[in-house]
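Chain by chain, the residues run as shown.
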Amino acid sequence: MKKITLNFILNEEPVSLEIDENARLLDVIRDVAGLTGTKEGCGVGECGACTVILEGEAVDSCIVLAASVEGKHVTTVEGLAKNGKLDPVQQAVLDHHALQCGFCTPGFLMSAKALLDKKPNPTRDEIKMAIAGNLCRCTGYQQLVEAFEDAAKEYQKG
Ligand code: FES
Ligand code: FES
């Protein structure tokens, strides 16, 4: 497999990584950068477990060619907490007990953050739409929606 050097901004830090030219972004994040918070569920763009934020948009990293993020900003779940303080989406999921096994949680968090960064005052339907591509087999969705409604109040404070 031919190797290439990939330069991009990962969680606000410039990185330069040797990768297989055909690598998926998910594999580069987990296996090359060593950030294992991003999960692989289906591997075909259907479950949302691998969701990261690419240039402000939530994307399924299992179906993104890593080489395509050259020079771009990628945020993973490891990039959410700042200065030891959880992002409001993380805190709200904890407060609402909106997880069980937690496998899907990073993906939900990234989808919710992408929405709230763009629209801090979403309607309930907009929250549901934002997480429509994320599947959870444990908890159900009600607590997650309520958690992200609470997180929105924190985003509105700025
Ligand atoms: S692992 Fe990427 S969408 Fe399921
Ligand atoms: S908490 Fe287990 S899959 Fe969502």
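Residues numbered from 1 in each chain as written. Chains lettered and ligands numbered in written order. Predicted model: local features only at pLDDT ≥ 70, side-chain atom pairs only at ≥ 80, totals over all residues. Heavy atoms only, no water.

Undergrad: Explain helix H3 (residues 105-118) residue by residue, including any values.
TA: The first and last C-alpha atoms of H3 sit 20 Å apart over 14 residues, in line with the 20 Å expected at 1.5 Å per residue. Burial in H3 covers these residues: Thr105, Pro106, Gly107, Phe108, Leu109, Met110, Ser111, Ala112, Lys113, Ala114, Leu115 and Leu116. Where H3 is buried, its residues touch strand S3 (51-54), strand S4 (57-60), strand S5 (73-75), helix H2 (88-95), helix H4 (124-130) and helix H5 (142-157). (Helix = DSSP H or I, 4+ residues; strand = E, 2+ residues; numbered from the N terminus. Expected span 1.5 Å × (residues − 1). Buried < 20%, exposed > 50% of the residue type's maximum accessible area, 1.4 Å probe, protein only. Contact = heavy atoms within 4.5 Å.)

Undergrad: An account of the pairing of S4 is needed here, citing residue identities and associated values.
TA: Where S3 and S4 come together, four bridges link them in antiparallel fashion. By the bridge assignment, Leu54 is partnered in S4 with Glu57. From the end of S3 to the start of S4, which pair antiparallel, there are two residues, and Glu55 there has a positive phi angle of about 50°. (Pairing = 2+ DSSP bridges.)

Undergrad: Before we move on, can you summarise the nonpolar core with the specific residues and values?
TA: Core analysis: the biggest nonpolar cluster contains 25 residues, and Val89, Val93, Phe108, Leu109 and Phe148 have the highest contact counts within it. Those elements that place two or more of their residues in this core are H2, H3 and H5. Those residues in contact with Leu109 that sit more than four places away from it in its chain are Val77, Leu80, Val89, Gln90, Val93 and Phe148. If you look at the next biggest cluster of nonpolar residues, it comprises 17 residues, including Leu17, Leu35, Leu54 and Val69. (Core = buried A, V, L, I, M, F, W, Y, C linked by side-chain atoms within 4.5 Å.)

Undergrad: Explain the domain arrangement of the protein to me, and be specific about the residues and the numbers.
TA: Under the domain assignment, the protein is made up of domain 1 (3-79) and domain 2 (88-157). Taking only C-alpha atoms, the centre of domain 1 and the centre of domain 2 are 21 Å apart. On the domain 2 side, the residues contacting the 17 residues of domain 1 number 13 residues. Roughly 1100 Å² of surface becomes buried between domain 1 and domain 2 when both sides are summed, with 64% attributable to carbon and sulfur atoms. When the buried surface of domain 1 facing domain 2 is broken down by residue, Thr51, Ile53 and Val77 rank first, second and third, together holding 36% of it. Joining domain 1 to domain 2, the criterion identifies one salt bridge. A salt bridge links Lys118 to Glu57; its shortest N-O distance comes to 2.9 Å. One can count five residue pairs in polar contact (both at pLDDT 80 or more) joining domain 1 with domain 2. (Domains from an automatic or database assignment. Buried area = accessible area lost by both parts, 1.4 Å probe. Salt bridge = Lys/Arg side-chain N within 4 Å of Asp/Glu carboxyl O. Polar contact = N/O pair within 3.5 Å; in protein donor to acceptor, adjacent residues only side chain to side chain.)

Undergrad: Break down a nonpolar patch on the surface for me, with residues and values.
TA: Among the surface-exposed residues, Leu86, Leu94 and Leu99 lie close enough to one another that they form a single nonpolar patch of about 220 Å² accessible area. Of note, Leu94 is situated in helix H2. (Patch = residues over 30% accessible without salt bridge, like charges linked within 9 Å, V, L, I, M, F, W, Y side chains within 5 Å. Areas by Shrake-Rupley, 256 points an atom, 1.4 Å probe, with all protein chains shown as cover.)

Undergrad: An account of the pattern of salt bridges is requested, with residue identities and associated values reported.
TA: Inspection of the entire model under this criterion finds eleven salt bridges. A salt bridge links Asp150 to Lys153; the nearest nitrogen and oxygen atoms lie 3.0 Å apart. Linking Asp150 with Lys153, this pair stays in helix H5, spanning three residues, or about one helical turn. The class for Asp150 is partly exposed, based on a relative accessible area of 32%. Given a relative accessible area of 48%, Lys153 falls into the partly exposed group.

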